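The primary structure of each chain is shown beneath.
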There are 2 protein chains.
Amino acid sequence: MQESSPVGSKTTSAPETPLLARLRQMIVTGVVQPGDLLAETALAQDFEVSRTPIREALKQLEREGLVEVRARVGTFVRKPTQREIHEMFSLKEAFEGLAAGLLARRGEVPELEQLKENVARSRQAVERGDAELYSHLVHEFHSTLVAGADSRKLSEHYDLLMNQLAYHRIVSQTLSLPGRLQNSQDEHQAIIDAISSKDPLTAELVMRRHVNASSQSAALAALKEDEEHPG
Amino acid sequence: MQESSPVGSKTTSAPETPLLARLRQMIVTGVVQPGDLLAETALAQDFEVSRTPIREALKQLEREGLVEVRARVGTFVRKPTQREIHEMFSLKEAFEGLAAGLLARRGEVPELEQLKENVARSRQAVERGDAELYSHLVHEFHSTLVAGADSRKLSEHYDLLMNQLAYHRIVSQTLSLPGRLQNSQDEHQAIIDAISSKDPLTAELVMRRHVNASSQSAALAALKEDEEHPG
DNA sequence: TTACGATTTGTTGCATGCAAGAAATGCTAG
DNA sequence: CTAGCATTTCTTGCATGCAACAAATCGTAA
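Residues numbered from 1 in each chain as written. Chains lettered and ligands numbered in written order. Predicted model: local features only at pLDDT ≥ 70, side-chain atom pairs only at ≥ 80, totals over all residues. Heavy atoms only, no water.

Novice: Hey, could you run me through the overall build of chain A in this one?
Specialist: On a plain count of helices and strands, chain A comes out with eight helices and two strands. Sequence-ordered secondary structure for chain A, helices as α and strands as β, is α-α-α-β-β-α-α-α-α-α. In chain A, buried positions account for 50% of the 231 residues. Pairs at least 24 apart in sequence give 73% of the contacts found in chain A among residues at least 6 apart. Of the roughly 11400 Å² of accessible surface on chain A, a fraction of 52% belongs to carbon and sulfur atoms. (Helix = DSSP H or I, 4+ residues; strand = E, 2+ residues; numbered from the N terminus. Buried < 20%, exposed > 50% of the residue type's maximum accessible area, 1.4 Å probe, protein only. Contact = heavy atoms within 4.5 Å. Areas by Shrake-Rupley, 256 points an atom, 1.4 Å probe, with all protein chains shown as cover.)

Novice: Is there a simple way to think about the relation of the copies chain B and chain A in this case?
Specialist: Two copies of a chain can be linked by a rotation about an axis combined with a shift along that same axis. Note on the identical chains: chain B maps onto chain A by a rotation of 180° and an axial translation of 0.0 Å, with an RMSD of 0.1 Å. Accordingly, the operation relating the two chain copies is best matched by a two-fold axis. Within chain B, the C-alpha atom positioned nearest to the axis of rotation is that of Ala94 of chain B, 3.1 Å from it. Here 98% of the contact residues of chain B are again contact residues in chain A; the copies associate through an equivalent surface. (Least-squares fit on C-alpha atoms with pLDDT ≥ 70 in both.)

Novice: What exactly am I supposed to notice about the protein's contact with DNA strand C here?
Specialist: With respect to spatial proximity, 19 residues lie near DNA strand C, and among them Glu40, Arg51 and Arg55 of chain A together with Ser50 and Thr52 of chain B are the closest. One of the backbone N or O atoms of Leu38 of chain A is found 3.3 Å from a phosphate oxygen in DNA strand C. Contact distances for DNA strand C include 3.5 Å between a sugar or linking oxygen and a side-chain N or O atom of Arg72 of chain A. Going through the elements one at a time, helix H3 (51–63) and strand S2 (74–77) of chain A together with helix H3 (51–63) of chain B are the ones with two or more residues in the surface near DNA strand C. Here the residues of the surface near DNA strand C are counted per class, giving eight nonpolar, four polar and seven charged. (Near = heavy atom within 4 Å. Polar contact = N/O pair within 3.5 Å; in protein donor to acceptor, adjacent residues only side chain to side chain. Nonpolar A, V, L, I, M, F, W, Y, C, P; charged D, E, K, R; others polar.)

Novice: Quick question: what am I supposed to make of the protein's contact with DNA strand D here?
Specialist: In the neighbourhood of DNA strand D, 20 residues make up the surrounding shell, with Ser50 and Thr52 of chain A together with Glu40, Arg51 and Arg55 of chain B lying closest. Among the atoms of DNA strand D close to the protein, meaning within 4 Å, 68% are from sugar or phosphate groups. The side chain of Arg51 of chain B places a nitrogen or oxygen atom 3.0 Å from a base oxygen of DNA strand D. Per-class residue counts for the surface near DNA strand D are nine nonpolar, four polar and seven charged.

Novice: It is not clear to me how the interface of chain B and chain A should be interpreted in this structure. Could you clarify?
Specialist: Many descriptions give the size of an interface as the accessible area lost when the pieces come together. The interface is formed by 50 residues belonging to chain B together with 50 residues belonging to chain A. The contact between chain B and chain A buries some 4800 Å² in all, and 53% of this surface belongs to carbon and sulfur atoms. Viewed at the interface, chain A and chain B are joined by eight salt bridges. In this structure, Glu56 of chain A and Lys59 of chain B form a salt bridge, with 3.7 Å as the shortest nitrogen-oxygen distance. Across the contact surface, chain B and chain A share 14 residue pairs in polar contact (both at pLDDT 80 or more). Among the elements of the structure, helix H2 (40–47), H3, strand S1 (67–70), helix H4 (82–106), helix H7 (152–196) and helix H8 (200–228) of chain B are those that each provide at least two residues to the side of chain B that touches chain A. When residues in the side of chain B that touches chain A are grouped by element, the largest group, nine residues, is from H4 of chain B. A per-class count over the side of chain B that touches chain A returns 18 nonpolar, eleven polar and 21 charged. (Buried area = accessible area lost by both parts, 1.4 Å probe. Salt bridge = Lys/Arg side-chain N within 4 Å of Asp/Glu carboxyl O.)

Novice: What am I meant to see in the pairing of S2 of chain A here?
Specialist: Sheet faces and side chains relate simply in a regular strand, where the side chains alternate between the two faces. All names here are of chain A. Taking every second residue as pointing to the same face, both faces of S2 are buried, with Gly74 and Phe76 on one and Thr75 and Val77 on the other. Inspection of the sheet shows strand S1 (residues 67–70) paired to S2 by four bridges, in the antiparallel sense. Bridging across to S2, Val69 finds its partner in Thr75. Connecting the antiparallel pair S1 and S2 is a turn made up of three residues, with Arg72 showing a positive phi of about 60°. (Pairing = 2+ DSSP bridges.)

Structure follows, in C-alpha coordinates:
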(Lines give C-alpha, C1' and ligand atoms only; values in the text may rest on other atoms or scores of the structure.)
Protein backbone atom coordinates (compact mmCIF):
# COMPACT_ATOMS: atom_id res chain seq x y z
CA MET A 1 0.00 0.00 0.00
CA GLN A 2 2.52 2.54 -1.05
CA GLU A 3 1.79 6.18 -0.90
CA SER A 4 1.77 8.57 -3.79
CA SER A 5 0.99 12.06 -4.92
CA PRO A 6 -2.53 12.94 -6.07
CA VAL A 7 -4.68 13.77 -3.11
CA GLY A 8 -6.47 16.86 -4.32
CA SER A 9 -9.25 15.45 -6.44
CA LYS A 10 -9.79 17.73 -9.36
CA THR A 11 -13.01 19.49 -10.19
CA THR A 12 -14.52 16.36 -11.63
CA SER A 13 -13.65 12.75 -12.29
CA ALA A 14 -13.17 11.25 -15.71
CA PRO A 15 -16.16 11.30 -18.05
CA GLU A 16 -17.80 7.94 -18.39
CA THR A 17 -17.23 5.82 -21.47
CA PRO A 18 -19.55 6.35 -24.45
CA LEU A 19 -20.31 2.66 -24.35
CA LEU A 20 -21.90 2.96 -20.94
CA ALA A 21 -23.89 5.99 -22.00
CA ARG A 22 -25.23 4.21 -25.08
CA LEU A 23 -26.27 1.15 -23.14
CA ARG A 24 -27.98 3.26 -20.51
CA GLN A 25 -29.76 5.23 -23.19
CA MET A 26 -31.09 2.03 -24.72
CA ILE A 27 -32.64 1.10 -21.40
CA VAL A 28 -34.14 4.39 -20.29
CA THR A 29 -35.61 5.08 -23.70
CA GLY A 30 -37.14 1.64 -23.89
CA VAL A 31 -35.18 0.34 -26.88
CA VAL A 32 -34.68 -2.71 -24.72
CA GLN A 33 -37.52 -3.54 -22.40
CA PRO A 34 -37.79 -4.96 -18.90
CA GLY A 35 -37.07 -8.66 -18.95
CA ASP A 36 -34.93 -8.51 -22.07
CA LEU A 37 -31.65 -10.36 -21.95
CA LEU A 38 -28.48 -8.37 -22.44
CA ALA A 39 -25.91 -11.03 -23.25
CA GLU A 40 -22.31 -9.94 -23.05
CA THR A 41 -21.25 -11.81 -26.16
CA ALA A 42 -24.06 -10.38 -28.28
CA LEU A 43 -23.43 -6.83 -27.08
CA ALA A 44 -19.71 -7.26 -27.66
CA GLN A 45 -20.41 -8.09 -31.29
CA ASP A 46 -22.91 -5.26 -31.68
CA PHE A 47 -20.52 -2.67 -30.32
CA GLU A 48 -17.44 -4.30 -31.87
CA VAL A 49 -15.45 -4.58 -28.68
CA SER A 50 -14.55 -7.49 -26.45
CA ARG A 51 -16.62 -8.72 -23.55
CA THR A 52 -14.48 -6.91 -20.99
CA PRO A 53 -15.65 -3.32 -21.49
CA ILE A 54 -19.22 -4.57 -21.96
CA ARG A 55 -18.98 -6.35 -18.65
CA GLU A 56 -17.82 -3.25 -16.86
CA ALA A 57 -20.67 -1.22 -18.27
CA LEU A 58 -23.25 -3.83 -17.31
CA LYS A 59 -21.90 -3.96 -13.78
CA GLN A 60 -22.33 -0.25 -13.47
CA LEU A 61 -25.85 -0.42 -14.81
CA GLU A 62 -26.55 -3.05 -12.20
CA ARG A 63 -25.44 -0.70 -9.49
CA GLU A 64 -27.63 2.00 -11.02
CA GLY A 65 -30.56 -0.35 -10.68
CA LEU A 66 -31.23 -0.59 -14.40
CA VAL A 67 -30.28 -4.22 -14.93
CA GLU A 68 -30.09 -7.35 -12.86
CA VAL A 69 -27.11 -9.67 -13.27
CA ARG A 70 -27.88 -13.25 -12.38
CA ALA A 71 -24.68 -15.26 -12.06
CA ARG A 72 -24.20 -17.66 -14.93
CA VAL A 73 -27.73 -17.05 -16.15
CA GLY A 74 -27.77 -13.67 -17.78
CA THR A 75 -28.13 -9.92 -17.42
CA PHE A 76 -31.69 -8.65 -17.70
CA VAL A 77 -33.29 -5.26 -18.00
CA ARG A 78 -34.93 -4.55 -14.71
CA LYS A 79 -38.36 -3.20 -13.95
CA PRO A 80 -38.79 -1.30 -10.70
CA THR A 81 -41.42 -2.65 -8.34
CA GLN A 82 -44.42 -0.56 -7.46
CA ARG A 83 -42.97 -0.05 -4.03
CA GLU A 84 -39.64 1.13 -5.42
CA ILE A 85 -41.44 3.60 -7.64
CA HIS A 86 -43.23 4.97 -4.61
CA GLU A 87 -39.97 5.25 -2.71
CA MET A 88 -38.31 6.98 -5.62
CA PHE A 89 -41.05 9.58 -5.81
CA SER A 90 -40.42 10.38 -2.16
CA LEU A 91 -36.77 10.89 -2.94
CA LYS A 92 -37.62 12.99 -5.97
CA GLU A 93 -39.64 15.28 -3.76
CA ALA A 94 -36.76 15.61 -1.30
CA PHE A 95 -34.18 16.25 -4.03
CA GLU A 96 -36.17 18.81 -5.93
CA GLY A 97 -37.30 20.50 -2.74
CA LEU A 98 -33.67 20.80 -1.70
CA ALA A 99 -32.77 22.12 -5.15
CA ALA A 100 -35.49 24.77 -5.04
CA GLY A 101 -34.27 25.95 -1.66
CA LEU A 102 -30.66 26.10 -2.77
CA LEU A 103 -31.56 27.90 -5.96
CA ALA A 104 -33.60 30.47 -4.06
CA ARG A 105 -30.53 31.24 -1.98
CA ARG A 106 -28.39 31.87 -5.05
CA GLY A 107 -30.11 34.99 -6.32
CA GLU A 108 -29.84 36.00 -9.95
CA VAL A 109 -28.38 33.12 -11.94
CA PRO A 110 -28.83 32.13 -15.57
CA GLU A 111 -30.85 29.07 -14.60
CA LEU A 112 -33.55 31.29 -13.12
CA GLU A 113 -33.92 33.05 -16.44
CA GLN A 114 -34.14 29.70 -18.18
CA LEU A 115 -36.92 28.67 -15.85
CA LYS A 116 -38.89 31.80 -16.63
CA GLU A 117 -38.50 31.21 -20.33
CA ASN A 118 -39.54 27.62 -19.83
CA VAL A 119 -42.80 28.65 -18.17
CA ALA A 120 -43.50 31.09 -20.97
CA ARG A 121 -42.97 28.44 -23.62
CA SER A 122 -45.00 25.98 -21.58
CA ARG A 123 -47.94 28.37 -21.53
CA GLN A 124 -47.85 28.50 -25.31
CA ALA A 125 -47.71 24.74 -25.47
CA VAL A 126 -50.75 24.52 -23.22
CA GLU A 127 -52.69 26.97 -25.37
CA ARG A 128 -51.78 25.05 -28.50
CA GLY A 129 -52.62 21.80 -26.79
CA ASP A 130 -49.21 20.44 -27.72
CA ALA A 131 -48.94 17.68 -25.12
CA GLU A 132 -45.66 16.31 -26.40
CA LEU A 133 -43.90 19.65 -26.30
CA TYR A 134 -45.35 20.32 -22.88
CA SER A 135 -44.02 17.01 -21.59
CA HIS A 136 -40.60 17.89 -22.84
CA LEU A 137 -40.74 21.32 -21.22
CA VAL A 138 -41.84 19.87 -17.90
CA HIS A 139 -38.85 17.61 -17.91
CA GLU A 140 -36.62 20.51 -18.80
CA PHE A 141 -38.07 22.60 -15.99
CA HIS A 142 -37.15 20.06 -13.38
CA SER A 143 -33.70 19.42 -14.86
CA THR A 144 -32.91 23.12 -15.02
CA LEU A 145 -34.05 23.62 -11.47
CA VAL A 146 -31.79 20.90 -10.11
CA ALA A 147 -28.88 22.09 -12.23
CA GLY A 148 -29.45 25.59 -10.86
CA ALA A 149 -28.87 24.35 -7.33
CA ASP A 150 -25.21 24.21 -8.32
CA SER A 151 -24.47 21.08 -6.32
CA ARG A 152 -22.59 18.33 -8.06
CA LYS A 153 -23.42 15.77 -5.42
CA LEU A 154 -27.11 16.59 -5.59
CA SER A 155 -26.98 16.24 -9.36
CA GLU A 156 -25.29 12.87 -9.11
CA HIS A 157 -27.91 11.48 -6.79
CA TYR A 158 -30.69 13.07 -8.79
CA ASP A 159 -29.45 11.65 -12.08
CA LEU A 160 -29.10 8.24 -10.51
CA LEU A 161 -32.68 8.43 -9.34
CA MET A 162 -34.14 9.78 -12.54
CA ASN A 163 -32.47 7.16 -14.69
CA GLN A 164 -34.34 4.52 -12.81
CA LEU A 165 -37.55 6.48 -13.07
CA ALA A 166 -37.11 7.41 -16.70
CA TYR A 167 -38.54 4.39 -18.39
CA HIS A 168 -41.45 4.53 -16.05
CA ARG A 169 -41.86 8.20 -16.80
CA ILE A 170 -42.17 7.89 -20.54
CA VAL A 171 -44.85 5.26 -20.38
CA SER A 172 -46.99 6.97 -17.77
CA GLN A 173 -46.43 10.56 -18.74
CA THR A 174 -48.99 10.83 -21.48
CA LEU A 175 -51.64 9.20 -19.36
CA SER A 176 -51.27 11.41 -16.36
CA LEU A 177 -51.25 14.68 -18.21
CA PRO A 178 -54.76 15.89 -19.09
CA GLY A 179 -56.20 16.61 -15.66
CA ARG A 180 -53.15 18.13 -14.07
CA LEU A 181 -51.91 20.16 -16.97
CA GLN A 182 -53.10 23.60 -15.90
CA ASN A 183 -52.40 22.97 -12.23
CA SER A 184 -48.85 21.98 -13.02
CA GLN A 185 -48.37 25.14 -15.02
CA ASP A 186 -49.60 27.30 -12.15
CA GLU A 187 -47.36 25.49 -9.70
CA HIS A 188 -44.31 26.08 -11.85
CA GLN A 189 -45.08 29.77 -11.84
CA ALA A 190 -45.47 29.77 -8.05
CA ILE A 191 -42.12 28.05 -7.67
CA ILE A 192 -40.42 30.68 -9.78
CA ASP A 193 -42.08 33.45 -7.80
CA ALA A 194 -40.77 32.04 -4.54
CA ILE A 195 -37.27 31.59 -5.93
CA SER A 196 -37.25 35.07 -7.44
CA SER A 197 -38.17 36.61 -4.11
CA LYS A 198 -35.31 34.66 -2.53
CA ASP A 199 -37.55 32.81 -0.15
CA PRO A 200 -35.93 29.38 0.25
CA LEU A 201 -38.46 27.99 2.70
CA THR A 202 -41.46 28.83 0.54
CA ALA A 203 -39.60 27.71 -2.58
CA GLU A 204 -38.95 24.32 -1.06
CA LEU A 205 -42.45 23.99 0.28
CA VAL A 206 -44.13 24.88 -3.00
CA MET A 207 -41.76 22.69 -4.95
CA ARG A 208 -42.44 19.71 -2.74
CA ARG A 209 -46.18 20.16 -2.95
CA HIS A 210 -45.84 20.32 -6.72
CA VAL A 211 -43.71 17.19 -6.94
CA ASN A 212 -46.04 15.41 -4.58
CA ALA A 213 -49.11 16.23 -6.62
CA SER A 214 -47.41 15.24 -9.87
CA SER A 215 -46.11 12.05 -8.35
CA GLN A 216 -49.48 10.96 -7.11
CA SER A 217 -51.11 11.35 -10.48
CA ALA A 218 -48.15 9.72 -12.20
CA ALA A 219 -48.15 6.81 -9.79
CA LEU A 220 -51.86 6.37 -10.38
CA ALA A 221 -51.30 6.27 -14.11
CA ALA A 222 -48.44 3.85 -13.69
CA LEU A 223 -50.59 1.56 -11.62
CA LYS A 224 -53.27 1.55 -14.30
CA GLU A 225 -50.67 0.95 -16.98
CA ASP A 226 -49.30 -1.93 -14.99
CA GLU A 227 -52.69 -3.55 -14.59
CA GLU A 228 -53.20 -3.49 -18.33
CA HIS A 229 -49.75 -4.78 -19.16
CA PRO A 230 -48.68 -6.81 -16.14
CA GLY A 231 -45.11 -7.97 -15.82
CA MET B 1 -31.89 -8.49 -28.23
CA GLN B 2 -33.94 -11.53 -27.51
CA GLU B 3 -36.62 -11.55 -24.89
CA SER B 4 -36.76 -13.73 -21.87
CA SER B 5 -38.54 -14.48 -18.64
CA PRO B 6 -37.54 -12.63 -15.50
CA VAL B 7 -39.22 -9.27 -15.34
CA GLY B 8 -40.39 -9.16 -11.76
CA SER B 9 -37.34 -8.01 -9.87
CA LYS B 10 -37.22 -9.77 -6.57
CA THR B 11 -37.18 -8.12 -3.21
CA THR B 12 -33.49 -7.40 -3.47
CA SER B 13 -30.61 -7.83 -5.84
CA ALA B 14 -27.66 -10.11 -5.28
CA PRO B 15 -25.43 -9.32 -2.31
CA GLU B 16 -22.19 -7.69 -3.29
CA THR B 17 -18.98 -9.66 -3.27
CA PRO B 18 -17.01 -9.81 -0.02
CA LEU B 19 -14.01 -8.49 -1.92
CA LEU B 20 -15.76 -5.23 -2.66
CA ALA B 21 -16.92 -4.91 0.92
CA ARG B 22 -13.42 -5.46 2.26
CA LEU B 23 -11.88 -2.90 -0.06
CA ARG B 24 -14.54 -0.37 0.79
CA GLN B 25 -14.03 -0.99 4.48
CA MET B 26 -10.31 -0.34 4.11
CA ILE B 27 -11.08 3.06 2.65
CA VAL B 28 -13.87 4.27 4.92
CA THR B 29 -11.99 3.21 8.04
CA GLY B 30 -8.81 4.89 6.91
CA VAL B 31 -6.63 1.79 6.61
CA VAL B 32 -5.67 3.27 3.29
CA GLN B 33 -5.60 7.02 3.19
CA PRO B 34 -6.45 9.65 0.59
CA GLY B 35 -3.78 9.74 -2.08
CA ASP B 36 -2.67 6.16 -1.55
CA LEU B 37 -2.22 4.07 -4.66
CA LEU B 38 -4.35 0.96 -4.99
CA ALA B 39 -2.54 -1.03 -7.67
CA GLU B 40 -4.51 -3.87 -9.20
CA THR B 41 -1.57 -6.27 -9.27
CA ALA B 42 -0.66 -5.67 -5.65
CA LEU B 43 -4.26 -6.06 -4.47
CA ALA B 44 -4.64 -9.20 -6.58
CA GLN B 45 -1.71 -10.75 -4.72
CA ASP B 46 -2.97 -9.57 -1.32
CA PHE B 47 -6.42 -11.05 -1.88
CA GLU B 48 -5.13 -14.05 -3.81
CA VAL B 49 -7.31 -13.56 -6.85
CA SER B 50 -6.62 -12.36 -10.34
CA ARG B 51 -6.77 -8.75 -11.45
CA THR B 52 -10.22 -9.15 -12.95
CA PRO B 53 -12.35 -9.21 -9.80
CA ILE B 54 -10.12 -6.55 -8.25
CA ARG B 55 -10.71 -4.37 -11.28
CA GLU B 56 -14.46 -4.72 -11.01
CA ALA B 57 -14.39 -3.78 -7.35
CA LEU B 58 -12.22 -0.74 -7.99
CA LYS B 59 -14.49 0.42 -10.78
CA GLN B 60 -17.44 0.22 -8.45
CA LEU B 61 -15.59 2.15 -5.77
CA GLU B 62 -14.90 4.77 -8.39
CA ARG B 63 -18.64 5.00 -9.09
CA GLU B 64 -19.17 5.37 -5.35
CA GLY B 65 -16.73 8.26 -5.30
CA LEU B 66 -14.23 6.58 -3.00
CA VAL B 67 -11.37 6.20 -5.46
CA GLU B 68 -10.21 7.91 -8.60
CA VAL B 69 -9.01 5.80 -11.52
CA ARG B 70 -6.57 7.61 -13.75
CA ALA B 71 -6.11 5.75 -16.99
CA ARG B 72 -2.72 4.05 -17.24
CA VAL B 73 -1.53 5.86 -14.15
CA GLY B 74 -3.17 4.25 -11.17
CA THR B 75 -6.15 4.06 -8.85
CA PHE B 76 -5.97 6.37 -5.86
CA VAL B 77 -7.97 6.81 -2.70
CA ARG B 78 -9.93 9.96 -3.12
CA LYS B 79 -10.39 12.83 -0.71
CA PRO B 80 -13.56 14.85 -1.10
CA THR B 81 -13.10 18.54 -1.67
CA GLN B 82 -14.33 20.99 0.93
CA ARG B 83 -17.10 21.94 -1.44
CA GLU B 84 -18.19 18.35 -1.91
CA ILE B 85 -18.30 17.88 1.84
CA HIS B 86 -20.54 20.89 2.11
CA GLU B 87 -22.80 19.56 -0.62
CA MET B 88 -22.95 16.18 1.05
CA PHE B 89 -24.00 17.68 4.35
CA SER B 90 -26.90 19.34 2.54
CA LEU B 91 -27.91 15.97 1.18
CA LYS B 92 -27.53 14.38 4.58
CA GLU B 93 -29.94 16.91 5.99
CA ALA B 94 -32.46 16.19 3.25
CA PHE B 95 -32.15 12.41 3.61
CA GLU B 96 -32.42 12.30 7.36
CA GLY B 97 -35.22 14.85 7.35
CA LEU B 98 -37.10 12.69 4.91
CA ALA B 99 -36.41 9.64 7.04
CA ALA B 100 -37.68 11.31 10.19
CA GLY B 101 -40.90 12.29 8.43
CA LEU B 102 -41.44 8.82 7.03
CA LEU B 103 -40.72 7.21 10.36
CA ALA B 104 -43.18 9.52 12.13
CA ARG B 105 -45.86 8.31 9.74
CA ARG B 106 -45.21 4.67 10.51
CA GLY B 107 -46.37 4.65 14.09
CA GLU B 108 -45.17 2.00 16.51
CA VAL B 109 -42.26 0.17 14.94
CA PRO B 110 -39.28 -1.59 16.52
CA GLU B 111 -36.89 1.07 15.28
CA LEU B 112 -38.64 3.66 17.40
CA GLU B 113 -37.99 1.57 20.49
CA GLN B 114 -34.36 1.23 19.46
CA LEU B 115 -34.08 4.99 19.19
CA LYS B 116 -35.46 5.45 22.68
CA GLU B 117 -33.01 2.93 24.06
CA ASN B 118 -30.23 4.65 22.16
CA VAL B 119 -31.00 7.98 23.82
CA ALA B 120 -31.08 6.31 27.21
CA ARG B 121 -27.70 4.72 26.68
CA SER B 122 -26.36 7.97 25.28
CA ARG B 123 -27.38 9.77 28.45
CA GLN B 124 -25.37 7.29 30.48
CA ALA B 125 -22.39 7.75 28.17
CA VAL B 126 -22.61 11.50 28.65
CA GLU B 127 -22.71 11.14 32.43
CA ARG B 128 -19.73 8.82 32.37
CA GLY B 129 -17.93 11.11 29.98
CA ASP B 130 -17.37 8.21 27.60
CA ALA B 131 -16.81 10.16 24.38
CA GLU B 132 -16.01 7.14 22.27
CA LEU B 133 -19.15 5.28 23.24
CA TYR B 134 -21.22 8.40 22.73
CA SER B 135 -19.75 8.88 19.29
CA HIS B 136 -20.69 5.34 18.41
CA LEU B 137 -24.23 5.81 19.72
CA VAL B 138 -24.70 9.00 17.72
CA HIS B 139 -23.83 7.13 14.57
CA GLU B 140 -26.20 4.36 15.53
CA PHE B 141 -29.00 6.85 16.18
CA HIS B 142 -28.84 8.21 12.68
CA SER B 143 -28.49 4.76 11.10
CA THR B 144 -31.47 3.42 13.00
CA LEU B 145 -33.55 6.41 12.10
CA VAL B 146 -32.93 6.01 8.38
CA ALA B 147 -33.49 2.26 8.58
CA GLY B 148 -36.77 2.95 10.33
CA ALA B 149 -38.01 4.92 7.36
CA ASP B 150 -38.43 1.53 5.69
CA SER B 151 -37.37 2.74 2.26
CA ARG B 152 -34.83 0.68 0.42
CA LYS B 153 -34.14 3.40 -2.12
CA LEU B 154 -33.59 5.97 0.59
CA SER B 155 -31.19 3.61 2.33
CA GLU B 156 -29.26 3.02 -0.85
CA HIS B 157 -28.75 6.71 -1.46
CA TYR B 158 -28.00 7.32 2.19
CA ASP B 159 -25.39 4.57 2.37
CA LEU B 160 -23.76 5.86 -0.78
CA LEU B 161 -23.54 9.29 0.76
CA MET B 162 -22.32 8.18 4.16
CA ASN B 163 -19.58 6.01 2.71
CA GLN B 164 -18.10 9.08 1.10
CA LEU B 165 -18.47 10.98 4.33
CA ALA B 166 -17.18 8.18 6.55
CA TYR B 167 -13.50 8.96 6.54
CA HIS B 168 -14.24 12.59 7.09
CA ARG B 169 -16.46 11.62 9.96
CA ILE B 170 -13.89 9.61 11.84
CA VAL B 171 -11.26 12.29 11.62
CA SER B 172 -13.48 15.20 12.56
CA GLN B 173 -16.19 13.85 14.80
CA THR B 174 -14.07 13.49 17.88
CA LEU B 175 -13.11 17.11 17.54
CA SER B 176 -16.54 18.51 16.82
CA LEU B 177 -18.56 16.60 19.34
CA PRO B 178 -17.45 17.81 22.76
CA GLY B 179 -18.91 21.27 22.46
CA ARG B 180 -22.23 20.11 21.11
CA LEU B 181 -22.59 17.09 23.31
CA GLN B 182 -25.49 18.16 25.49
CA ASN B 183 -27.24 20.02 22.66
CA SER B 184 -27.01 16.96 20.46
CA GLN B 185 -28.47 14.81 23.19
CA ASP B 186 -31.41 17.18 23.70
CA GLU B 187 -32.08 17.32 19.98
CA HIS B 188 -32.18 13.55 19.71
CA GLN B 189 -34.80 13.51 22.44
CA ALA B 190 -36.85 16.16 20.66
CA ILE B 191 -36.74 14.15 17.45
CA ILE B 192 -38.03 11.08 19.22
CA ASP B 193 -40.81 13.10 20.84
CA ALA B 194 -41.98 14.40 17.47
CA ILE B 195 -41.88 10.95 15.92
CA SER B 196 -43.68 9.39 18.88
CA SER B 197 -46.50 11.89 18.59
CA LYS B 198 -46.74 11.04 14.90
CA ASP B 199 -46.03 14.56 13.77
CA PRO B 200 -44.11 14.15 10.48
CA LEU B 201 -43.69 17.86 9.77
CA THR B 202 -42.22 18.64 13.17
CA ALA B 203 -40.12 15.49 13.07
CA GLU B 204 -38.59 16.49 9.77
CA LEU B 205 -38.08 20.08 10.86
CA VAL B 206 -36.38 19.16 14.13
CA MET B 207 -34.30 16.51 12.44
CA ARG B 208 -33.08 18.91 9.82
CA ARG B 209 -32.19 21.56 12.36
CA HIS B 210 -30.25 18.93 14.25
CA VAL B 211 -28.36 17.70 11.22
CA ASN B 212 -27.66 21.24 10.18
CA ALA B 213 -26.21 22.20 13.54
CA SER B 214 -24.08 19.06 13.68
CA SER B 215 -22.89 19.56 10.13
CA GLN B 216 -21.78 23.11 10.73
CA SER B 217 -19.86 22.05 13.78
CA ALA B 218 -18.26 19.15 11.92
CA ALA B 219 -17.39 21.24 8.89
CA LEU B 220 -15.73 23.81 11.11
CA ALA B 221 -13.67 21.14 12.81
CA ALA B 222 -12.71 19.64 9.48
CA LEU B 223 -11.61 23.00 8.17
CA LYS B 224 -9.38 23.50 11.17
CA GLU B 225 -8.00 20.00 10.86
CA ASP B 226 -7.31 20.61 7.20
CA GLU B 227 -5.37 23.77 7.87
CA GLU B 228 -3.11 21.94 10.25
CA HIS B 229 -2.62 18.91 8.03
CA PRO B 230 -3.26 20.11 4.49
CA GLY B 231 -4.22 17.30 2.15
C1' DT C 1 -49.55 -38.44 -23.23
C1' DT C 2 -46.69 -37.49 -19.48
C1' DA C 3 -42.89 -37.61 -16.37
C1' DC C 4 -38.16 -37.78 -15.85
C1' DG C 5 -33.33 -38.03 -16.71
C1' DA C 6 -29.19 -37.19 -19.82
C1' DT C 7 -27.29 -34.09 -22.91
C1' DT C 8 -26.64 -29.96 -25.15
C1' DT C 9 -26.56 -25.13 -25.26
C1' DG C 10 -25.92 -20.72 -23.41
C1' DT C 11 -24.37 -17.65 -19.98
C1' DT C 12 -21.38 -15.38 -16.74
C1' DG C 13 -16.91 -15.68 -13.56
C1' DC C 14 -12.13 -15.66 -13.56
C1' DA C 15 -7.24 -15.99 -15.11
C1' DT C 16 -3.85 -14.45 -18.11
C1' DG C 17 -1.25 -12.29 -22.00
C1' DC C 18 -0.14 -8.33 -24.42
C1' DA C 19 -0.26 -3.51 -25.79
C1' DA C 20 -0.49 1.55 -24.86
C1' DG C 21 0.75 5.08 -22.28
C1' DA C 22 2.38 7.81 -18.29
C1' DA C 23 5.81 8.77 -15.06
C1' DA C 24 10.04 8.04 -12.93
C1' DT C 25 14.81 7.26 -13.66
C1' DG C 26 19.27 7.64 -15.38
C1' DC C 27 22.42 9.45 -18.66
C1' DT C 28 24.63 12.89 -21.28
C1' DA C 29 25.92 17.32 -22.75
C1' DG C 30 26.70 21.99 -21.63
C1' DC D 1 25.34 21.64 -11.12
C1' DT D 2 21.57 21.82 -14.24
C1' DA D 3 18.62 20.92 -18.14
C1' DG D 4 16.97 17.99 -21.40
C1' DC D 5 16.44 13.58 -23.58
C1' DA D 6 16.35 8.58 -23.92
C1' DT D 7 15.21 4.54 -21.42
C1' DT D 8 13.20 1.84 -18.16
C1' DT D 9 9.52 0.71 -15.14
C1' DC D 10 5.02 0.61 -13.62
C1' DT D 11 0.20 1.08 -14.38
C1' DT D 12 -4.22 0.31 -16.45
C1' DG D 13 -7.13 -1.10 -20.90
C1' DC D 14 -8.58 -4.71 -23.63
C1' DA D 15 -8.85 -9.34 -25.83
C1' DT D 16 -9.29 -14.06 -25.24
C1' DG D 17 -9.48 -18.82 -23.35
C1' DC D 18 -11.40 -21.91 -20.20
C1' DA D 19 -14.18 -23.51 -16.33
C1' DA D 20 -18.52 -23.63 -13.66
C1' DC D 21 -23.04 -23.60 -13.62
C1' DA D 22 -28.06 -22.98 -15.06
C1' DA D 23 -31.54 -23.91 -18.04
C1' DA D 24 -33.51 -25.57 -22.01
C1' DT D 25 -33.87 -29.42 -25.04
C1' DC D 26 -34.31 -33.89 -26.44
C1' DG D 27 -34.94 -38.69 -25.86
C1' DT D 28 -36.86 -42.49 -23.37
C1' DA D 29 -39.69 -45.18 -20.56
C1' DA D 30 -44.01 -45.89 -18.25
